[in-house]
Amino acid sequence: MADSREVVLRPLLVGALGVAVGASLVVLGGRAVLTRQAALARRRIGKPLGEDALDADRVWGGRFDGPPLELVLLGDSIAAGLGAERRKDTLGARLAKGLARAERRPVRLRTAAVVGAETSMLAPQIDALPAGYRPDAAVIVVGGNDVTHRVPVSASVAQLEEAIERLQARGAAVVVGTCPDLGALRPVPQPLRALGSRLSRQLADAQAGAALRHDARAVSLRRAVGPFFVTQPDEMFSLDRFHPSALGYRRTAEALLPGVIAALGDGDG
């Protein structure tokens, strides 16, 4: 005769095993769906813009007197300005022109950002700067590729903090434009788009915390410009529906510029 405890425990164990197996199947099925959707999104977006942004590095605001302020942009394709059809419409040029008007001084733009970069690539971008280069202001926009490539938030944040420290050691006032809301990307199907939105928000919050811990400025691009990309996608996105258009970069620069001006003021103080 079977032990009474065995009679009681056996159905409980069988039930628990069934739940575990069912949950595993749901997880595996969910991953399969997300994998298929990611492949679909890549096909929809493609690479109609190529992988090279326009070169906008020059002195902007030459009509103003005085030595140029040095502005450097680091990060990914947004920082590089991919999607802009004219040099003056890239994020760097927009920021340089706005900063020149605000400070009544020329601004020399240097773009170290690389299309497709993750946060781990900030270090080689800084390594590539001339040894004696001392920027007055550095703007970092990065994170979207970390989300799509599933880089752990802790790793991204550690790499961002190192970059902030290294730029500050060169004398730069640092501004971080936090990870944009990937939920605005219409070519990405649901539920992958919702997952991207949640993960990009988590990374953005962690980036803001990292900036504040190191006395850098953080600008939430999700809050500042995200609603424009959601409600006006045809105007805000370029032809690949993934990177900003000229208007998208203008809005993004307008969101970042007050932080850059304030960061420079902090340095003066």
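A. Molecular detail of unusual backbone geometry. Not every positive phi belongs to a glycine, and Arg150 is a case in point at roughly 55°. Along the chain, the position of Arg150 falls in the loop between helix H5 (144–148) and helix H6 (153–169). Its identity as a non-glycine residue notwithstanding, Asp215 has a phi of 60°, on the positive side. Of note, Asp215 is situated in the loop between helix H7 (192–213) and strand S6 (217–219).

B. Highlighting the sheet that holds strand S2 (residues 69–75). The six strands are arranged S1-S3-S2-S4-S5-S6 in an open sheet whose pairing can be described as mixed. With one partner strand each, in any of the chains shown, strand S1 (59–60) and S6 form the two edges of the open sheet. Both S2 and strand S3 (residues 107–111) contribute to a ladder of five bridges, which runs parallel. Within S3, the position partnered with Glu70 by the bridge is Arg108.

C. Up close: the pattern of salt bridges. Taken as a whole, this structure holds seven salt bridges when the rule is applied. A salt bridge links Glu161 to Arg213; the nearest nitrogen and oxygen atoms lie 2.7 Å apart. Residue Glu161 is found in helix H6, and its partner Arg213 is found in helix H7; the two are separated by 52 residues along the sequence. Residue classification places Arg213 among the exposed residues on the basis of a relative accessible area of 53%. For Glu254, the salt bridge identified is with Arg250, shortest N-O distance 3.5 Å. Here Arg250 and Glu254 lie together in helix H11 (residues 246–268), a separation of four residues that amounts to about one turn.

Thresholds applied
Residues numbered from 1 in each chain as written. Predicted model: local features only at pLDDT ≥ 70, side-chain atom pairs only at ≥ 80, totals over all residues. Heavy atoms only, no water. Helix = DSSP H or I, 4+ residues; strand = E, 2+ residues; numbered from the N terminus. Pairing = 2+ DSSP bridges. Salt bridge = Lys/Arg side-chain N within 4 Å of Asp/Glu carboxyl O. Buried < 20%, exposed > 50% of the residue type's maximum accessible area, 1.4 Å probe, protein only.

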